[in-house]
Amino acid sequence: MKAIGFKQSLPITDTNSFITFETDKPKAKGHDLLVKIAAISVNPVDYKVRQNAAIDTVLEIPKIIGWDAVGTVEEVGSKTSKFKVGDQVYYAGDITRNGSNAEYQLVDERIVGSKPQNLTIAEAAAIPLTGLTAWETLFDRIRIDPVIDQGKTVLILGGAGGVGSICIQLARKVGNLTVIATASRPESAQWCTKLGANHVVDYRNLKKELEKLGHAQVDYILDFVDLKEYWELAADIIKPQGHIVSITGSSEPLNLNLLKNKSVTFSYEFMYTRSMYTTDDIDKQHRILNKIGRLLDTGKLKTTLKTTLSGFTVDNLKKAHQLQESGKTIGKTVIVF
Ligand SMILES: NC(=O)c1ccc[n+]([C@@H]2O[C@H](COP(=O)([O-])OP(=O)(O)OC[C@H]3O[C@@H](n4cnc5c(N)ncnc54)[C@H](OP(=O)(O)O)[C@@H]3O)[C@@H](O)[C@H]2O)c1
């Protein structure tokens, strides 16, 4: 089968940052499905792994990355029960295994959902990784209850990004929250409004903008940008007994004591935890993807697809990585095979 990978961590502009190669088509065993890939999307984790997996070394076998995928089940392992050959599926995969930048991929069926039927392949490929992250942030980490928590305020840092774009919709339409999203440009601000944000604020003047809105403090803060950059401000503007979730982590130790007097809860969310540790509830990701799929099929949620590239080529993968590395993408970039 054809795959695209890399042997060295090189700048994306380098001729060899990605190479095309042939490798054996894998066989499905146990809980695995063998999926023929039809479309993928690119996330920041893709370029982070590419930039760090082979520094000062040359890998013998090229590394295949990329995790978001839509495709058709071609083979099923002996322990599978959720899907059959021919089913269309979507998933974000497992960071410890080979990725979706290939004609075929093995994936554990317990982290796979049925492709939303009313979406195109490209529209569906935009969703899994960011959808799971946003869902787990709101409903597994904070445990938002749409009745009890109705109208509470959530500040989404990075509203127009991949995760922010789906989270704005889930927080508003499933969580019943009042959504304040950050965006620094007219086009990203418009995107957040279109997705349902109640308010859009410029993060370069965040404290003042929140005060102007009459929301000087908020119930929940979701960091989809950089925890270190926002830690002190978040501790200042979170309400007493509020909850902060970060999906990014910090490059430096942070002062947790800032949260003590307000009894604020802090959680991390890492959407690969369930697959990385084969947690007892690993199949929750199957159920979350199916729930999100139903919300997309019934029009309650919209796809976050912004840019579609046609053709599974090194050039398109480089283009998608370059866009993602800019830190300025709005919504999702998808490559249709
Ligand atoms: N833990 C997990 O499971 C998990 C899952 C997914 C992603 N992540 C991580 O979460 C981060 C976000 O992912 P993503 O896919 O949403 O990223 P993304 O799509 O690249 O986000 C881009 C957006 O970020 C906004 N932005 C840039 N600098 C900002 C700043 N200083 N403050 C506020 N917003 C800023 C930009 O909008 P404007 O400048 O126009 O406002 C842009 O639209 C990445 O670090 C990613 O690796 C973690």
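Criteria and cut-off values
- Residues numbered from 1 in each chain as written.
- Predicted model: local features only at pLDDT ≥ 70, side-chain atom pairs only at ≥ 80, totals over all residues.
- Heavy atoms only, no water.
- Helix = DSSP H or I, 4+ residues; strand = E, 2+ residues; numbered from the N terminus.
- Expected span 1.5 Å × (residues − 1).
- Buried < 20%, exposed > 50% of the residue type's maximum accessible area, 1.4 Å probe, protein only.
- Axes fitted to C-alpha atoms, helices over the stretch in contact; angles between N-to-C directions.
- Parallel < 35°, antiparallel > 145°, perpendicular 65-115°, else oblique.
- Contact = heavy atoms within 4.5 Å.
- Core = buried A, V, L, I, M, F, W, Y, C linked by side-chain atoms within 4.5 Å.
- Phe/Tyr/Trp six-rings, centres within 6.5 Å; stacked < 30°, edge-to-face > 60°.
- Pairing = 2+ DSSP bridges.
- Patch = residues over 30% accessible without salt bridge, like charges linked within 9 Å, V, L, I, M, F, W, Y side chains within 5 Å.
- Areas by Shrake-Rupley, 256 points an atom, 1.4 Å probe, with all protein chains shown as cover.
- Salt bridge = Lys/Arg side-chain N within 4 Å of Asp/Glu carboxyl O.
- Right-handed = clockwise from strand over helix to strand, strands pointing away.

Peer 1: Before we move on, can you summarise helix α4 (residues 162–174) with the specific residues and values?
Peer 2: Relative to the 18 Å expected for 13 residues at 1.5 Å per residue, α4 spans 18 Å between its end C-alpha atoms, a close match to the ideal helical length. Most of α4 sits out of view: 11 of its 13 residues are buried. Every buried residue belonging to α4 is among Gly162, Val163, Gly164, Ser165, Ile166, Cys167, Ile168, Gln169, Leu170, Ala171 and Val174, and all of these are buried. Just past α4, the residue asparagine 176 takes up positive phi, approximately 60°.

Peer 1: So what's going on with the packing of helix α3 (residues 128–141) against helix α9 (residues 284–297)? Residues and values would help.
Peer 2: At a minimum axis distance of 10 Å, the contact between α3 and α9 shows a crossing angle of 105°. One element, α3, and the other, α9, form an angle in the roughly perpendicular class. Between α3, through Pro128, Gly131, Leu132, Trp135, Glu136 and Asp140, and α9, the contact on the second element is made entirely by Lys284, Gln285, Ile288, Leu289, Lys291, Ile292 and Leu295.

Peer 1: Before we move on, can you summarise the nonpolar core with the specific residues and values?
Peer 2: Ranked by size, the top nonpolar core spans 81 residues in total, and within it Leu138, Leu170 and Leu222 carry the most contacts. Among the elements that make up this core, the one with the highest residue count is α4 (7 residues). When neighbours within four sequence positions are excluded, leucine 138 is seen to be in contact with Arg143, Ile144, Cys167, Leu170, Ala171, Leu177 and Leu222.

Peer 1: How would you sum up the packing of aromatic side chains? Please name residues and give values.
Peer 2: For the coordinates displayed, the defined rule picks out 7 aromatic pairs. Ring centres of phenylalanine 270 and tyrosine 272 lie 5.8 Å apart, and the angle between their planes is 70°; this geometry places the pair in the edge-to-face category. The class for phenylalanine 270 is partly exposed, based on a relative accessible area of 39%. Aromatic pair phenylalanine 312 and phenylalanine 337: ring centres 4.1 Å apart, planes at 10°, arrangement stacked. Of the two residues, phenylalanine 312 sits in the loop between β14 (305–310) and α10 (314–325) while phenylalanine 337 sits in the segment after β15 (332–336), which places them 25 residues apart along the sequence. Judged by its relative accessible area of 8%, phenylalanine 312 falls in the buried class. For phenylalanine 337, a relative accessible area of 29% gives the class partly exposed.

Peer 1: Run through the sheet that holds strand β10 (residues 199–201), naming residues and quoting values.
Peer 2: Here 6 strands make up an open sheet; going across it, the order is β10-β9-β8-β11-β12-β13 and the pairing parallel. The open sheet has two free edges, formed respectively by β10 and β13 (265–268), since each of these has just one partner strand. With direction set aside, neighbouring strand axes in the sheet form an average angle of 20°. Where helix α7 (residues 227–237) meets the sheet, its contacts fall on β8 (153–157), β11 (218–223), β12 (238–246) and β13, and the angle it forms with β12 comes to roughly 165°.

Peer 1: Talk me through α10; I want residue IDs and the actual numbers.
Peer 2: For α10, spanning 12 residues, the distance from its first C-alpha to its last is 16 Å, which sits close to the expected 16 Å at 1.5 Å a residue. All buried positions along α10 are accounted for by Val314, Asn316, Leu317, Lys318, Ala320, His321 and Gln324. As for α10, its buried residues are in contact with β1 (2–5), β2 (19–22), β3 (32–42), α1 (44–52), β14 and β15. Positive backbone phi, at 75°, marks glycine 327, one or two positions downstream of α10.

Peer 1: Talk me through the environment of aspartate 94; I want residue IDs and the actual numbers.
Peer 2: Mapping aspartate 94 onto the fold places it in the loop between β5 (88–91) and β6 (104–108). Residue aspartate 94 is classed as buried on the basis of its relative accessible area of 12%. Note: C-alpha distance between aspartate 94 and leucine 177 (83 residues apart in sequence) is 31 Å. Contacts of aspartate 94, omitting those with residues within four sequence positions, involve Trp67, Ile111, Tyr272 and Ser275.

Peer 1: Help me get a handle on the pairing of strand β4 (residues 68–76), residues and values and all.
Peer 2: For β3 and β4, the ladder comprises 8 bridges, and the chain directions are antiparallel. Within β4, the residue paired with leucine 33 across the bridge is valine 76. Two elements, β4 and β5, share 4 bridges in a ladder whose sense is antiparallel. Residue pairing in the sheet places valine 70 in a bridge with tyrosine 90 of β5.

Peer 1: Go over a nonpolar patch on the surface with me, naming the residues and quoting the values.
Peer 2: On the surface, Phe270, Met276 and Tyr277 cluster together into a nonpolar patch covering about 320 Å² of accessible area. Structurally, phenylalanine 270 is set in the loop between β13 and α8 (273–276).

Peer 1: Can you lay out the pairing of β12 for me, pointing to particular residues and giving the numbers?
Peer 2: Each regular strand shows side chains that alternate between the opposite faces of the sheet. Note that β11 and β12 share 5 bridges and pair parallel. The residue of β12 that forms the bridge with aspartate 223 is serine 246. With α7 bridging β11 and the parallel β12, this β-α-β connection has right-handed handedness. Looking at chain direction, β12 and β13 are connected through 4 bridges and run parallel. Of the residues in β13, the one forming a bridge with histidine 243 is threonine 265.

Peer 1: Talk me through unusual backbone geometry; I want residue IDs and the actual numbers.
Peer 2: Positioned with a positive phi, arginine 143 is a non-glycine residue whose angle comes to about 60°. If you trace the backbone, arginine 143 turns up in the loop between α3 and β8. The phi dihedral of glutamine 241 falls on the positive side, at around 65°, and the residue is not glycine. Considering the arrangement of structural elements, one finds glutamine 241 in strand β12. Judged by relative accessible area, which is 69%, glutamine 241 ranks as exposed.

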